[in-house]
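A look at the structure
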Amino acid sequence: MKKGNSAVAVIALAILLIGGFFGFRYYQKFFANNVEKEGYILIPHSASMNSILDSIAPYIKNKESFEAVAKDKNLGKHFNAGRYRIKSGTSNTDLVNMIKAGNQTENTYRIGDFGDVYQMVGRVSKKTELDSLRFVKDLNTIAVKKGYSNAEDLKKYFFIDTYNFFWTVTPEQFFKKFEDQYNDFWTAERKAKEEQSGLTRDQIYALASIVYKESGGKPDEQKTIAGLYLNRYRKGMKLQSDPTVIYAINKDSNFTTPIKRVFYKHLKHPSPYNTYANAGIPPGPICITDKNSVDAVLNPAQHNYIFMAADPDKFGFHRFTASDTEHAKNARDYQEWLNSKNIK
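Throughout what follows, the structure given in this document is the object of discussion. (Residues numbered from 1 in each chain as written. Predicted model: local features only at pLDDT ≥ 70, side-chain atom pairs only at ≥ 80, totals over all residues. Heavy atoms only, no water.)

1. Considering helix H3 (residues 63–72)
- By the burial criterion, the buried members of H3 are Ser65, Phe66, Val69 and Ala70. In an axial view of H3, the angular spread of the buried residues amounts to 135°, which keeps them on one side of the axis. Projecting away from the buried face of H3 at angles above 90 degrees are the exposed residues Glu64, Lys71 and Asp72.
- The backbone nitrogen of Glu64 has a side-chain oxygen 3.0 Å away, supplied by the residue at the start of H3, namely Asn62. (Buried < 20%, exposed > 50% of the residue type's maximum accessible area, 1.4 Å probe, protein only. Helix = DSSP H or I, 4+ residues; strand = E, 2+ residues; numbered from the N terminus. Arc of directions from axis to C-beta. Polar contact = N/O pair within 3.5 Å; in protein donor to acceptor, adjacent residues only side chain to side chain.)

Here's what the structure looks like:
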């Protein structure tokens, strides 16, 4: 090989090596995996570049390379708040683009049989950017705009189930999802059954909440229980539902000193929700309920039962009867079982 050609070859190799070195660094910086461990980060609307870096630092291998790409793409000024999943194999470019585009991951929320809307908000807000006070304030505003007194009057809009929401969900977005579900639930067929029942919508929800509590949420007996309470209501009898007494007492203590068992001393507790002290259907639901319970009230079992007592031989179920004598025995059996278990 001639000396000239040899020199050209050396220069070409040097250029290739230098290009490869910088090309590799460029690839590592922008496109190689930079995730050390998987997890989730929360970026609030008030975030700064430094706070974003602090949030993501525990999950990435090289903070400096991420910071360089983030600054190159002006992430500090162009980001979207949210809850973001950091997945293995993700590059700095993909991480930055994810945050800039707002491709956040939804969180799972379980709406249970909360005694009131404020209990629900206290639980839900732990998975949102807003604190519970702001959430309640905005729900109160929504309620007033709809002609209600406060957020507690929105209880009937919520159904027990599991839902997905973004961490950045606003109270308006949160309620809109449930309002849409509520409107979808009340089909023409259900509205026809509502009219046939002779009950108001609020009465239906109040009864449904009693059915839910009495059944423990299990659908097996819900139509039977609904039929029983409708029999009592239409006969002019007091409903005498223990869960309403429990709710009345718990509500008046702001759910700070909950009771689990009803004694005779509780039956006269002064509250419009206490169906031992008051005739008729309570003024509102005693808990957030489920769709099955509402459907049970709209489609009650036809029978002559007017009494029920928990069945100590079949946990979670009841003994039904139309006989007060038989009911007295059933109730005594259950009380004796409670005493044997030292349930107070």
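2. Focus on the pattern of salt bridges
- In this structure the tally under the stated criterion is 16 salt bridges.
- A salt bridge links Asp333 to Arg319, with the shortest nitrogen-to-oxygen separation between them at 2.9 Å. Within this pair, whereas Asp333 is found in helix H13 (residues 324–340), its partner Arg319 is found in strand S6 (residues 318–321), the two being separated by 14 residues in sequence.
- One salt bridge connects Asp333 with Lys329, and the closest N-O pair in it is separated by 3.1 Å. Here Lys329 and Asp333 lie together in helix H13, a separation of four residues that amounts to about one turn.
- For Lys329, a relative accessible area of 42% translates into the label partly exposed.
- Each of the salt bridges in this network shares a partner with another, and the network as a whole consists of Asp311, Asp313, Arg319, Lys329 and Asp333. (Salt bridge = Lys/Arg side-chain N within 4 Å of Asp/Glu carboxyl O.)

3. What about the side chain of Glu179?
- Mapped onto the fold, Glu179 is located in helix H7 (residues 171–185).
- Given a relative accessible area of 19%, Glu179 falls into the buried group.
- Those residues within four positions of Glu179 in sequence are excluded, and the remaining contacts are Lys146 and Tyr157. (Contact = heavy atoms within 4.5 Å.)

4. Some words on the nonpolar core
- Counting 56 residues, the largest nonpolar core has Met120, Phe158, Phe174 and Val294 as the members making the most contacts within it.
- Per-element accounting of this core gives the leading share, eight residues, to helix H9 (residues 201–215).
- With residues near it in sequence (within four places) discarded, Phe174 still touches Ile111, Met120, Val124, Phe135, Phe158, Phe165 and Val169.
- Core analysis: the second largest hydrophobic core is formed by 22 residues, Phe30, Val69, Ala70 and Met98 among them. (Core = buried A, V, L, I, M, F, W, Y, C linked by side-chain atoms within 4.5 Å.)

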